[in-house]
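# Geometric and topological summary
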Amino acid sequence: MYLSLDRYSRPATAEEALRLVAESEGPAAFIAGGTDLNAGDHEAIAHLVDLQALPMKEVRVFGEPAALHLGSLVTLSTLRRHPLLGGELLAAVREAAGGYANLALQNRSTLGGRVMAARVDHDLPAALLALGARLHVARLRDGFGVAVERVAAPEADRTALDGGLLVGVEVPLGEGRSAHRRFGRSAVDVPLACVSACRRGDRWRVVAGVQAAAPPGLRRLRRLEELVAAWGSAPPPDWREAAREACRAELPEHACRWISADYRRDLTATLAVRALAAVLEEEELA
Amino acid sequence: MNVELTLNGEAVSWESEPHEFLTELLRRHGLIGTKRGCESGDCGACAVLLDGEEVPSCLVLAAQAHGHEVTTIEGLGSWERPHPIQEAFVDGTAVQCGYCTPGMVIAAKAYLDRKGGGPLSEREARELLAGHVCRCTGYVKPIAAVLRAAEALGDPRSAGEEERA
């Protein structure tokens, strides 16, 4: 194979995991499901720190107002099937998880892994950002122990995650409806473009992830959100065209040697219209 | 490093290296029903059951499997007593060159076990086989074979899983 690993560790705590990476003599990285292990850029890793023994597989509702806690080792299969992830509000999460590759990879791929791969794979991060999720990131404290920070799911700027260990995600619950739409070159490719939309009362969040965009990462389509919110519960008859134009105007310049920028903008706008239609109950949730 | 796991119901303890993947570990020990394919989790040829769930063994380090239960195609049935899913593939001539077949059978086993009975729709059969690439392009008969297997496993007159175990 292509790995030059000479060390494998399986720590039992977040602190131990963070220390193993921080104090490793060669290049070190965390491994959760490992589904990106052979996908490139991992040849130089000398030390893998396997997170499987950490208690981060929990799915539970907590707090007032209620929020859903998802441990970062929760697999995409669990996100698709878990009873606490039923209902219209969390449809985007289920759809994003179910769009990933195939069942075998969904059994291995984790929430944390997909969030950390957000520069290339936007599906699940887009859904979490649309739902207003917050990330729980553990860091080593000066002295000893770890501190857990709550940070907003990031858009293009992901520096909030640097040097930390994602231990879980918190999704605010309540009334609402969400949808996720994607397009990839094949079932096993990361999406060329995807859009997640979520409506909670009058508030909308629409998030686009476009491969090869500059800067990379996700972006909220705020003008589109304002436009849709202004329609209230009665969108005008030509809402699809208006939404498409708003989306196109807001998407960034980007170029790719495979496909033109115009094509990607059109594709993303089409996905945005479909996601909005699903939230507006004009299309079914997947 | 030493990798200890339960393989096809029996405890094994094998030497491995940190960079070795489960596919290679299994094949080095003669379990060659698990095939090498794309080595990126896309083709399904290397599928095994890890704690009862289908996984691509080309993306699981041998070390990651330490302490877990692994079932390969060799653990499902034998020449004398093939598993009902294997019988369905044979009866339905759902095999061409056979390279992808172990992975498809493993996928069907995982899915049908988790489903725990009841009728299987064609859509489900297609979904469970979606991660399995057949270079002979034989997809129609495996779908029919999986549907036939689901029917057979739901029929109390067929050879039971419990009896087999």
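Residues numbered from 1 in each chain as written. Chains lettered and ligands numbered in written order. Predicted model: local features only at pLDDT ≥ 70, side-chain atom pairs only at ≥ 80, totals over all residues. Heavy atoms only, no water.

All names here are of chain A. For helix α8 (residues 239-250), built from twelve residues, the straight-helix expectation of 16 Å at 1.5 Å per residue is met to within 8% by its first-to-last C-alpha distance of 16 Å. Residues W239, A243, A246, C247 and E250 constitute the buried set of α8. An end-on view of α8 places all buried positions within 100° of arc, on one side of the element. (Helix = DSSP H or I, 4+ residues; strand = E, 2+ residues; numbered from the N terminus. Expected span 1.5 Å × (residues − 1). Buried < 20%, exposed > 50% of the residue type's maximum accessible area, 1.4 Å probe, protein only. Arc of directions from axis to C-beta.)

Before going further, it helps to examine the domain arrangement of chain B. Think of interface size as the accessible area that goes away when the parts come together; that is how it is often given. Residues and elements named next belong to chain B. Splitting chain B by domain gives domain 1 (2-75) and domain 2 (84-164). For domain 1 versus domain 2, the separation of C-alpha centres amounts to 21 Å. With 15 residues of domain 1 at the interface, the matching set in domain 2 holds twelve residues. Counting across the domain 1 and domain 2 interface gives five residue pairs in polar contact (both at pLDDT 80 or more). With three residues, the top contributor of residues to the side of domain 1 that touches domain 2 is strand β3 (residues 47-50). By residue class, the composition of the side of domain 1 that touches domain 2 is six nonpolar, five polar and four charged. (Domains from an automatic or database assignment. Contact = heavy atoms within 4.5 Å. Polar contact = N/O pair within 3.5 Å; in protein donor to acceptor, adjacent residues only side chain to side chain. Nonpolar A, V, L, I, M, F, W, Y, C, P; charged D, E, K, R; others polar.)

For the rest of this paragraph, the subject is the packing of helix α2 (residues 84-91) of chain B against helix α3 (residues 101-115) of chain B. Residues and elements named next belong to chain B. Running from N to C, α2 and α3 point in directions that differ by 130°, and their axes come no closer than 10 Å. As judged from the angle between their axes, α2 and α3 are oblique. Crossing handedness for the pair α2 and α3: right-handed. Here α2 contributes I85, Q86 and F89 to the contact with α3, which in turn contributes T101, M104, V105, A108, K109 and L112. Taken together, the residues that form the contact of α2 with α3 break down as six nonpolar, two polar and one charged. (Axes fitted to C-alpha atoms, helices over the stretch in contact; angles between N-to-C directions. Parallel < 35°, antiparallel > 145°, perpendicular 65-115°, else oblique. Left-handed = near helix turned anticlockwise from the far one by under 90°.)

According to the stated counting rule, one finds three cavities of 30 Å³ or more in the structure shown. Here the largest cavity defines a volume of roughly 90 Å³. Taken together, the residues of the lining of the largest cavity sort by class into nine nonpolar, one polar and two charged. (1 Å grid on protein atoms, 1.4 Å probe; cavity = no way out; pocket = protein on both sides within 12 Å on 5 of 7 lines; lining within 4 Å. Points joined across faces, edges and corners; volume = space filled by probe spheres on them.)

A few words on the packing of aromatic side chains. All names here are of chain A. Counted according to the given criterion, the structure contains one aromatic pair over all chains. A centroid spacing of 6.2 Å and a plane angle of 65° characterise the contact between W231 and W239, whose relative ring orientation is edge-to-face. Accessibility expressed as a relative area gives 3% for W239, which makes it buried. Across the ring face of F62, the terminal group of R60 is positioned such that the distance to the ring centre comes to 5.3 Å. (Phe/Tyr/Trp six-rings, centres within 6.5 Å; stacked < 30°, edge-to-face > 60°. Lys NZ or Arg CZ within 6 Å of the ring centre and 35° of its normal.)

What follows covers the interface of chain B and chain A. Contacts between chain B and chain A engage 27 residues on the former and 27 residues on the latter. Interface area, chain B with chain A, both sides summed: about 2300 Å², of which 57% is carbon and sulfur. Our enumeration of links across chain B and chain A arrives at two salt bridges. The closest approach of N and O atoms between R80(A) and E127(B), which form a salt bridge, is 2.8 Å. At the level of secondary structure, the elements contributing two or more residues to the side of chain B that touches chain A comprise β4 (53-56), α3 and α4 (122-129) of chain B. (Buried area = accessible area lost by both parts, 1.4 Å probe. Salt bridge = Lys/Arg side-chain N within 4 Å of Asp/Glu carboxyl O.)

This paragraph deals with the layout of surface pockets. Approximately 890 Å³ is the volume found for the second largest pocket. R80(A), G98(A), L103(A), Q106(A) and E127(B) are, among the 30 residues lining the second largest pocket, the residues nearest its centre. Contributions of two or more residues to the lining of the second largest pocket are made by α2 (76-81), α3 (91-98), α4 (103-108) and β9 (177-184) of chain A together with β4, α3 and α4 of chain B. For the lining of the second largest pocket, the element with the highest residue contribution is α3(B), accounting for six residues.

Take unusual backbone geometry next. Residue P65(A) follows E64(A) across a cis peptide bond; omega there is 0°. Among the structural elements, P65(A) can be located in the loop between β4 (59-62) and β5 (67-71). One non-glycine residue with positive phi stands out, namely E281(A), at about 65°. Mapped onto the elements of the fold, E281(A) is located in the segment after α9 (261-279). Of the residues examined, E281(A) reaches a relative accessible area of 58% and is grouped as exposed. Within the chain, T137(B) stands out as a residue other than glycine whose phi angle is a positive 60°. Among the structural elements, T137(B) can be located in the loop between α4 and α5 (140-154). Judged by relative accessible area, T137(B) falls into the exposed class, the value being 59%.

Two modes of strand pairing occur in sheets, parallel and antiparallel, and in both the strands are linked by backbone hydrogen bonds. Residue and element names in this part refer to chain A. An order of β1-β3-β2 is seen for the three strands of this open sheet, with the pairing classed as parallel. Of all strands in the sheet, those bounded by a partner on one side alone are β1 (7-9) and β2 (28-31). Taken over all neighbouring pairs, the strand axes of this sheet differ in orientation by 20° on average, direction set aside. (Pairing = 2+ DSSP bridges.)

Looking now at the sheet that holds strand β5 (residues 69-71) of chain B. All names here are of chain B. Sheet architecture is open: five strands sit in the order β2-β1-β5-β3-β4, paired in mixed fashion. Of all the strands in the sheet, just β2 (10-15) and β4 have a single pairing partner and so form its edges. Looking at each pair of strands side by side, their axes are set apart by 40° on average, direction ignored. Judged from the six bridges that link them, strand β1 (residues 2-7) and β2 form a sheet pairing that is antiparallel. Its bridge partner lying in β2, L7 is registered against E10. In this fold α3 packs onto β3, β4 and β5, with an angle of close to 30° to the strand it touches most, β3.

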